[in-house]
Structure formats: C-alpha cells, structure tokens
Amino acid sequence: MRNRYLVTYDVCDDKRLRLVFKKMKAFGLHLQLSVFECELSGRELAMMKAGLDALIHHDEDQVLIADLGPSDGTGRDCIEWLGRPLVELCRKAVVL
C-alpha cells in the first residue's frame, strides 16, 4: 500500500541543500522551493528517510514528513492551494 507524504526541509548549508533536493527529486514531485509531494511504499519511505538522514546535520537541519494517508484516498484533497495553482508536469519521451 502506498501513502502520500508532504516533505519539507530546512537545510542551512548550500551544498547539503543541493544534495537533499537531488535526493528528494528521486522520490517525489517538487511543489515549491523545499516542498515535495511523494507517493511511497513503506520500503520507499524507509529508503528516503535513510538517504536524508545521511545527508543532513541533525543539529542544524530539519526535515518534516507529513503522512497524508493512502494515495488512492483523500491525500491529494488534503492540500489546499491559494494563488497560482499547481501545474503537474507531463513527462513524455522525445525521440530525435
């Protein structure tokens, strides 16, 4: 079963910030600045946490992971947007 998570982080060092951003891109959809929406299994969640745990400095940085519930449930409905709406990128292959 997959759950939807809202992940946000505050990283003090620019180098670590770039590494955390790169790690998070592998796990979810980049919503804004340091905020990601992720649909993860229990195993993927553990892998994400372990990867982030190895990158951050625990006395300076912070990662917040909010469980929004099952991805096939109301997880998406828990997020409310004000102002510019979220535009999901449509990724497709381009053959040259």
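None of the values given here were measured: they were computed from a predicted structure.

Criteria and thresholds
- Residues numbered from 1 in each chain as written.
- Predicted model: local features only at pLDDT ≥ 70, side-chain atom pairs only at ≥ 80, totals over all residues.
- Heavy atoms only, no water.
- Helix = DSSP H or I, 4+ residues; strand = E, 2+ residues; numbered from the N terminus.
- Buried < 20%, exposed > 50% of the residue type's maximum accessible area, 1.4 Å probe, protein only.
- Contact = heavy atoms within 4.5 Å.
- Pairing = 2+ DSSP bridges.
- Axes fitted to C-alpha atoms, helices over the stretch in contact; angles between N-to-C directions.
- Expected span 1.5 Å × (residues − 1).
- Phe/Tyr/Trp six-rings, centres within 6.5 Å; stacked < 30°, edge-to-face > 60°.
- Arc of directions from axis to C-beta.

Peer 1: Teacher, can you tell me more about the overall build of the protein chain here?
Peer 2: Check the secondary structure of the protein chain and you find two helices and four strands. For the protein chain, the α and β elements follow one another from N to C terminus as β-α-β-β-α-β. For the protein chain, with 96 residues in total, the buried portion stands at 30%. At a minimum sequence separation of 6, the contacts of the protein chain that also span at least 24 residues come to 71%.

Peer 1: Sorry if this is basic, but what is going on with the pairing of strand β2 (residues 29-32) here?
Peer 2: Where a strand is regular, its side chains alternate between the two sheet faces. By the bridge criterion, three bridges tie β2 to strand β3 (residues 35-40) in an arrangement that is antiparallel. Paired with Gln32 across the strands is Val35, a residue of β3. Remark: two residues form the turn of the hairpin made by β2 and β3, two consecutive strands paired antiparallel; Leu33 in that turn has positive phi of roughly 25°.

Peer 1: Hey, could you run me through the sheet that holds β3 in this one?
Peer 2: Two modes of strand pairing occur in sheets, parallel and antiparallel, and in both the strands are linked by backbone hydrogen bonds. Read from one edge of the open sheet, four strands run β2-β3-β1-β4, paired in antiparallel fashion. The open sheet has two edge strands with one neighbour each: β2 and β4 (62-70). The average undirected angle you get between the axes of adjacent strands in this sheet is 25°. Bridge count between strand β1 (residues 3-10) and β3: six bridges; the pairing is antiparallel. Bridge assignment links Leu6 to a residue of β3, and that residue is Glu37. Where helix α1 (residues 14-25) meets the sheet, its contacts fall on β1, β2 and β3, and the angle it forms with β1 comes to roughly 170°. Contacts between helix α2 (residues 42-55) and the sheet are confined to β1, β3 and β4, with β3 contributing the most and set at about 140° to the helix.

Peer 1: It is not clear to me how α2 should be interpreted in this structure. Could you clarify?
Peer 2: Three or four residues apart is the spacing at which side chains of an α-helix point the same way, because the helix has 3.6 residues per turn. Taking 1.5 Å of rise per residue, the 14 residues of α2 would be expected to cover 20 Å, and the 20 Å separating its terminal C-alpha atoms lies within 8% of that figure. In this structure, the buried residues of α2 make contact with β1, α1, β3 and β4.

Peer 1: Teacher, can you tell me more about the packing of aromatic side chains here?
Peer 2: The geometry of an aromatic ring pair is captured by two quantities: the separation of the ring centres and the angle between the planes. For the structure shown, the criterion picks out two aromatic pairs. Measuring from ring centre to ring centre gives 6.3 Å for Tyr9 and Phe36, while their planes differ by 25°; the resulting arrangement is stacked. On the criterion of sequence distance, the pair formed by Tyr9 in strand β1 and Phe36 in strand β3 is long-range, its members being 27 residues apart. Given a relative accessible area of 6%, Tyr9 falls into the buried group. Counting every residue linked through ring pairs, the aromatic cluster contains Tyr9, Phe21 and Phe36.

Peer 1: Just checking my understanding: could you explain α1 for this structure?
Peer 2: Here α1 contains twelve residues, and its C-alpha end-to-end distance of 17 Å stays within 8% of the 16 Å for a straight helix at 1.5 Å per residue. Among all positions in α1, only Arg16, Val20 and Met24 are buried. For α1, the buried positions fall inside an angular range of 70° around the axis, keeping them on one side. Exposed side of α1, more than 90 degrees from the buried face: Asp14, Lys15, Arg18 and Lys22 are the residues found there. Here the buried face of α1 lies against β1, β3 and α2.

Just geometry here; none of it tells us what the structure is for.
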